[in-house]
Amino acid sequence: MAESSIVTRFAPSPTGHLHKGHAYSALSAFAFARSHRGRFLLRIEDIDPGRCRAGNTEQIYEDLTWLGLEWEKPVRIQSEHRSGYSRVARDLHHRKLLYPCFCSRNDILREAERAGYAPHGSEGPVYPGTCRKLSEDERAARIATGENHSLRLDLSRALEEVGTGLTWNDARHGIQPARPDLLGDAILVRKDIGTSYHLSVVIDDALQGITDIVRGVDLFDSTHLHRVLQALLDFPAPTYHHHPLLTDSGGNRLAKRDRAITLKSLRESGLSAANLRLELGFPLDLEALRTMTEIP
Ligand code: GLU
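So, here's what we can say about the structure. (Residues numbered from 1 in each chain as written. Predicted model: local features only at pLDDT ≥ 70, side-chain atom pairs only at ≥ 80, totals over all residues. Heavy atoms only, no water.)

This part is about the overall build of the protein. A tally of helices and strands in the protein yields 10 helices and 12 strands. The C-alpha radius of gyration computed for the protein amounts to 20 Å, which stays within 12% of the reference 19 Å derived for 296 residues, consistent with globular compactness. The principal-axis extent of the C-alpha atoms belonging to the protein is close to 65 × 40 × 35 Å. A buried classification covers 49% of the 296 residues belonging to the protein. A fraction of 78% describes how many contacts in the protein between residues 6 or more apart in sequence connect residues 24 or more apart. Accessible area of the protein: about 14300 Å², with a carbon and sulfur share of 50%. (Helix = DSSP H or I, 4+ residues; strand = E, 2+ residues; numbered from the N terminus. Rg over C-alpha atoms; globule rule 2.2 N^0.38 Å. Buried < 20%, exposed > 50% of the residue type's maximum accessible area, 1.4 Å probe, protein only. Contact = heavy atoms within 4.5 Å. Areas by Shrake-Rupley, 256 points an atom, 1.4 Å probe, with all protein chains shown as cover.)

Shown next, in the form of structure tokens:
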């Protein structure tokens, strides 16, 4: 059968070692591509040098190879594309869709508390809009003194451009009306790294022609914002497949810091990749992925 146009990806951040939850996510994306005769890509999301280690990237390649996955080369390494993210940020800034924000995390918490402003998104309190109200002169003066700032999306301006009727499709959860208000005026350019997860992931998914994004449900709320960015940047809207997160026997989400359940330690303790695949609901035989009709 000819190759289809389906393209999926697994996009880990090398901030630690992969665990079973990552294995499940990567296998799901890989199986979805294989069962549709599509393509599977790997992307390393290492834009945050303070948290990412090159050694972890090497470990990711080793773990995924052990798991039986194959991906197209070259792998896209986000830290090698900073100028591309800056270019897009500059474009959004020129369109007056971003504004400088000088607030620290504490400023935001204090302001949110003072205003009795309770809405909490998945990334902490929704920004109360303090710096959105600054005049152009004040912004310029503060920037001129070298004051550090991030750049936030001006969500209401963005919605004036793209409208409030956006939707996105989640193959597991149905059509979703976009609710970017859950994240509010999100930071698109962090003061420390010159880009952000949200900006880079949306650009790369479009650039790499990803048609189907398979990832954990912890990123579900972020997708509302990603949909707005896609509309602003004239990018196509992929189909999402947000899967449940694996938990430990106590019902807690698996975490990278919990070293006992990393793929490396499971492998070293003698677990075979075939048994792990089976445990996660995938076939022992990788060839059988091609005939899977439903991804676990
Ligand atoms: N790099 C992100 C993470 O490791 C995942 C990004 C995505 O799948 O959209 O959590």
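More follows now that the structure is in view.
The ligand sits among R9, A11, P12, S13, E45, Y197, V201, R215 and L219. The side chain of R9 places a nitrogen or oxygen atom 2.6 Å from an oxygen atom of the ligand. For the ligand, an oxygen atom lies 2.8 Å from a polar atom in the side chain of R215. Isolated, the ligand exposes 300 Å² of accessible area, and the fraction of that covered by the protein chains is 79%. Of the residues in the shell around the ligand, the class split is 5 nonpolar, 1 polar and 3 charged. (Near = heavy atom within 4 Å. Polar contact = N/O pair within 3.5 Å; in protein donor to acceptor, adjacent residues only side chain to side chain. Nonpolar A, V, L, I, M, F, W, Y, C, P; charged D, E, K, R; others polar.)

Put simply, K73 and P74 share a cis peptide bond, and its omega is -5°. By secondary structure assignment, the location of P74 is in the loop between α2 (54-67) and β3 (76-77). For R37, which is not glycine, the phi dihedral falls at a positive 55°. Among the secondary structure elements, R37 is positioned in the loop between α1 (20-35) and β2 (39-44). The exposure class assigned to R37 is partly exposed, which follows from its relative accessible area of 25%.

On to helix α4 (residues 105-114), then. Within α4 the residues assigned to the buried category are I108, E111 and A112. Looking straight down α4, one finds its buried side chains confined to an arc of 100°; they lie on one side. Residues N106, R110, E113 and R114 are exposed on α4 and point more than 90 degrees away from its buried face. Looking at the buried residues of α4, the elements they touch are β6 (124-125) and β7 (150-153). One or two positions beyond α4, positive phi appears at G116, with a value near 60°. (Arc of directions from axis to C-beta.)

The topology assignment puts C103 in the loop between β4 (98-101) and α4. Residues C103 and H149 lie 46 residues apart in sequence; the distance between their C-alpha atoms is 7.6 Å. Those residues in contact with C103, other than ones at most four positions away along the chain, are I108, Y127, T130, C131 and K191.

With that settled, consider the pattern of salt bridges. Within this structure, the stated rule accounts for 23 salt bridges. Across the salt bridge formed by R157 and D154, the nearest N and O atoms sit 3.4 Å from each other. Taking relative accessible area as the criterion, R157 reaches 39% and is therefore assigned partly exposed. Put simply, E268 and K264 hold a salt bridge, and the shortest N to O gap is 3.1 Å. Pair noted here: E268 and K264 are both in helix α9 (residues 263-268), with a separation of 4 residues, about one helical turn. (Salt bridge = Lys/Arg side-chain N within 4 Å of Asp/Glu carboxyl O.)

Volume-wise, the second largest pocket comes out at about 350 Å³. Along the wall of the second largest pocket there are 21 residues; nearest its centre are H93, L98, Y99, P100 and R139. Broken down by secondary-structure element, the contributors of at least two residues to the lining of the second largest pocket are α3 (82-94), β4, α5 (136-144) and β7. Here the lining of the second largest pocket takes 4 residues from α5, the largest share from any one element. For the lining of the second largest pocket, a count of residues per class yields 8 nonpolar, 5 polar and 8 charged. (1 Å grid on protein atoms, 1.4 Å probe; cavity = no way out; pocket = protein on both sides within 12 Å on 5 of 7 lines; lining within 4 Å. Points joined across faces, edges and corners; volume = space filled by probe spheres on them.)

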